[in-house]
Amino acid sequence: MRVKKTLIVGCLALGLAFTGSLSLADSHEKQNQDESRSEPKINDYSSMGEEYGSESTTPEMEDTDSASASRVDPPEVTQEGLVTGYEKYNGNCAQCHGEDAVGSSFAPSLVNRMKNLDYAGFVDVVTNGKTVFDSSTGGYNVMPAWKGNAAVMSSIDEIWGYVKARAEGELGLGRPK
Amino acid sequence: MIGIIRKTIGYSLATAVFLAAGAAAVAEESKQSAGKLGSGNLMELAADPANWVMWGGSYDGQRYSKLDQINAANVAQLQPAWTFSTGVLRGHEGGPLVLGDTMYIHTPFPNNVFAIDLKTQGIKWKYSPTQDPSVIPVMCCDTVNRGLAYAEGKIFLQQADTTLVALDAKSGEVLWKTINGDPSKAQTNTNAPLVIGNKIITGISGGEFGVRGYVSAYDINDGKLIWRAYSTGPDDTMLIDPEKTIDAATGEPVGKDSSLKSWEGDQWKIGGGTTWGWFTYDPDLNLLYYGTGNPGTWNPAQRPGDNKWSMTIFARDADTGMAKWAYQMTPHDEWDYDGVNEKILVDQEIDGEMTPLVVHFDRNGFGYTQNRETGKLLKVAKYDPAVNWASEIDMTTGRPVLNDEYGTSGKVDENVTGICPAALGSKDQQPAAFSPKTGLFYVPTNHVCMDYEPNEVAYTAGQPYVGATLSMYPGPGDITNPVKEIEGERMGTFIAWDATTGKIKWSIPERFSVWSGALATAGDVVFYGSLEGHLKAIDAETGELLYSFKTPSGIIGNVNTWSFEGKQYIGILSGIGGWAGIGMAAGLEDPTAGLGAVGGYKDLQNYTQLGGVLTVFALPDSALEGEMVGQN
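Residues numbered from 1 in each chain as written. Chains lettered and ligands numbered in written order. Predicted model: local features only at pLDDT ≥ 70, side-chain atom pairs only at ≥ 80, totals over all residues. Heavy atoms only, no water.

> Break down the pattern of salt bridges for me, with residues and values.
All names here are of chain B. Following the criterion strictly, the structure yields 25 salt bridges over all chains and no others. The closest approach of N and O atoms between Lys124 and Asp101, which form a salt bridge, is 3.6 Å. With Lys124 in strand β6 (residues 123–127) and Asp101 in the loop between β3 (97–99) and β4 (102–106), this pair connects stretches of sequence that are 23 residues apart. The structure contains a network of salt bridges with shared partners spanning Asp336, Asp338, Arg363 and Asp428. (Salt bridge = Lys/Arg side-chain N within 4 Å of Asp/Glu carboxyl O. Helix = DSSP H or I, 4+ residues; strand = E, 2+ residues; numbered from the N terminus.)

> Kindly report on the sheet that holds strand β40 (residues 613–618) of chain B, identifying the contributing residues and their values.
Residue and element names in this part refer to chain B. Taken together, four strands build an open sheet; the order of strands is β2-β40-β39-β38 and the sheet is antiparallel. The strands lining the two open edges of the sheet, one partner per strand, are β2 (79–85) and β38 (560–564). On average, each strand axis in the sheet is inclined to that of its neighbour by 30°, with strand direction left out of account. (Pairing = 2+ DSSP bridges. Axes fitted to C-alpha atoms, helices over the stretch in contact; angles between N-to-C directions.)

> Which residues make up the pairing of β38 of chain B, and what are the values?
Residues and elements named next belong to chain B. With respect to burial, β38 is a largely interior element, five of its five residues being buried. Covered by surrounding structure in β38 are Asn560, Trp562 and Phe564 together with Thr561 and Ser563, the residues of both alternating faces. Of the pairings in the sheet, the one linking β38 to strand β39 (residues 567–574) comprises five bridges and is antiparallel in character. The partner of Trp562 across the bridge, within β39, is Tyr569. Taking the residues that link successive antiparallel strands as the turn, the β38-β39 hairpin has two residues, and the phi of Glu565 there is positive, at about 50°. (Buried < 20%, exposed > 50% of the residue type's maximum accessible area, 1.4 Å probe, protein only.)

> Run through the sheet that holds strand β33 (residues 503–510) of chain B, naming residues and quoting values.
All names here are of chain B. Reading across from one edge, β28-β29-β32-β33 is the order of the four strands in this open sheet, with antiparallel pairing throughout. One side of each edge strand has no neighbouring strand; the edge strands of this open sheet are β28 (433–435) and β33. For this sheet the average axis-to-axis angle between neighbouring strands, irrespective of direction, equals 20°. Across seven bridges, the pairing between strand β32 (residues 492–498) and β33 is antiparallel. When the sheet's bridge partners are listed, Phe494 is paired in β33 with Ile508.

> Please set out empty space enclosed by the protein residue by residue, giving values where relevant.
This structure, assessed with the given rule, holds five cavities of 30 Å³ or more. The calculated volume of the largest cavity comes to roughly 560 Å³. Surrounding the largest cavity, 39 residues form its lining, Cys140, Cys141, Glu208, Trp298 and Trp579 of chain B being those nearest its centre. At the level of elements, α4 (79–92) and α5 (94–97) of chain A together with β31 (468–474) of chain B are the ones that each hand at least two residues to the lining of the largest cavity. No other element matches β31 of chain B, which puts four residues into the lining of the largest cavity. By residue class, the composition of the lining of the largest cavity is 16 nonpolar, 14 polar and nine charged. (1 Å grid on protein atoms, 1.4 Å probe; cavity = no way out; pocket = protein on both sides within 12 Å on 5 of 7 lines; lining within 4 Å. Points joined across faces, edges and corners; volume = space filled by probe spheres on them. Nonpolar A, V, L, I, M, F, W, Y, C, P; charged D, E, K, R; others polar.)

> Can you tell me about the state of the cysteines, naming the residues and giving the values?
Under the counting rule described, the total for this entry stands at two disulfides over all chains. Between the sulfur of Cys140 of chain B and that of Cys141 of chain B lies a disulfide, 1.9 Å long from S to S. Measuring the twist about the S-S bond at about -90°, one finds the Cys140 of chain B-Cys141 of chain B disulfide to be left-handed. Paired by a disulfide, Cys420 of chain B and Cys449 of chain B hold their sulfur atoms 2.1 Å apart. Judged by the sign of its S-S torsion, about 105°, the cystine formed by Cys420 of chain B and Cys449 of chain B is right-handed. Of this pair, Cys420 of chain B sits in the loop between β27 (416–419) and β28 while Cys449 of chain B sits in strand β30 (residues 448–454), and the two are 29 residues apart along the sequence. Of note for chain B: the bonded cysteines, numbered N- to C-terminal, pair according to 1-2, 3-4. Counting only cysteine sulfurs, Cys96 of chain A is the nearest neighbor of Cys93 of chain A, a cysteine outside any disulfide, at a range of 9.0 Å. There is no disulfide at Cys96 of chain A, and the cysteine sulfur nearest it, in Cys140 of chain B, is 8.3 Å away. (Disulfide = S-S within 2.5 Å.)

Structure (structure tokens):
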């Protein structure tokens, strides 16, 4: 009985080893194919239509990498500045961070996040972006770098003012009055 | 050698008899399926209700199954049969494909593909693309993917980074790759491709980044480009014939430079018209049907003119790509009402005459019934009574009769309030279903309105090009023939619609937008999923709720059905996200309230968190005594 059991377990193990892969005959053929064709054929049409490419209408951007080091004191933002911040936020940030900075299923609420982020940290992450890789799921969370976007960088203080005011409870929902 | 090993185990284990008997049945069915797999005839495979071989079930996009094992009398006994975790936590749109004994599942970014053995639910193979994560932030509305395509032993995946990949359906080996666009210019992909003959059709995304839209047809055998049609610009790039292509609004040829004349200067180059929706096809007319998205910036003042051919339904010759006719639903868009929703092909009687129709539920809140040969408008009516940006569509000019109070053009820095529908439309990508038995369409809708304020924006390649601030909130209480009481405010309605009369038959109010794709079956049952995560089955005639089950996360996927070894199955992906996952704070309470945003989104968080699971349902054996899977 014991011998038979060992045989069965051994066969079972072999069976399991085969279940998840191709049959012997198939895999041999596949190996031959693999050797003769190492890379799949790649057709690249990524630059098609460039002859009708459009020029940017935004002004030239200076290098803003140093922005994060230049000041740590948060700026004063006027009421008018908050309106600008609200508009710039909606045009660039809202599609991920949600209306009124409440977040979405794919980007965090800034109403929460800004409670713990100071001005220097805010400017750094907006300017330079941040990619976070979760090795347990293989998933990425990506905050893009906005340093090449003049519309955002020229109003970074106003955007700061808006999201900070939302986080502190100073600004309600909707357009600032 | 494998056969011998299996026999040895079979004789020895307790489940031997069951396995042996089951193996014989499976072998027979596999032989049938394998034969069909090799036949290469996609339409034959689609006609077999045991399969679900393309996004819409069949080329007409009706999302209707002839299976009737599950019916209105027994669906209350439905129960989960098995589940599968995709391992990804993002919005799960689309649905699984089933071919014979194999299911093919896709995921949001990073767009993994699994081939599942339906007998064991084990993974036959997995394809894990390597994609640069920098594509993620240029996808406006979550990193969704609307699904795979199958033809001739190949599985096709349209990746987010625009790479179109052909995989061997048996082994998962990569056969070829085609790079369809350039993410550094904010071109990405979310659509499900469609195979027609030797071609695979796919679109492009990026309307919120000024991407000029296009549709491409690639050869399924090597991925080479066969034709590409742009949505804006010179006639030859759009595959439009000025004398032959008909403008269905007027019934006249479109004329020379129909697009260029409707834009100022070079605006058409950043003119959107992206093509991220669903594709359908009429094999007799050999016409491909699809729609185009918004005309670039959301600030209409920056783009005077009709902005053709954004917001347009195109009927194109599948072989050459040439446009037979085109119809623009929303000229000079002021609200982001993308025209990409699925164009469903049905044959019904209109005013006593059997007519080949194309029916679609546009983002703009109007249900269009057109002759699909000519594009002629037959019936157009609001499929949500709250729609107010236009009072009707003028049937002689084909143009909307605008309500200036809710227009936003020329109102730069002016907040226009109370516009219905909101930018996400009376219906977004979530596809409807049609039942030839009831003659009704089953439509998952949004009931959301908005305040919209345009502002000036500049264009930078690869950067957002939006130009408006939005505030969205639940729509008013208007509802047509509700099947149950509304409890409080609502942001969604599931309706039954008669496209021959342009009327809502009945409405099911839902607390949140109904963002899932519907399914209709010959069992007189209709399925859909709620944003809180319930898979629901309703009576196709009355809308009465017959079954409901809370799946692990909010549903934005499409309900599909198939049969395997004599049993009918219902499958749905759960995983909240997509534009439905966007935070919407305003509406359910005082909009001037302070911290602790209340309203739509916060409420949704009380019902669901992120997830990524396929749940498969079937009737228990006790409900199936003496039954066979129906084939009609």
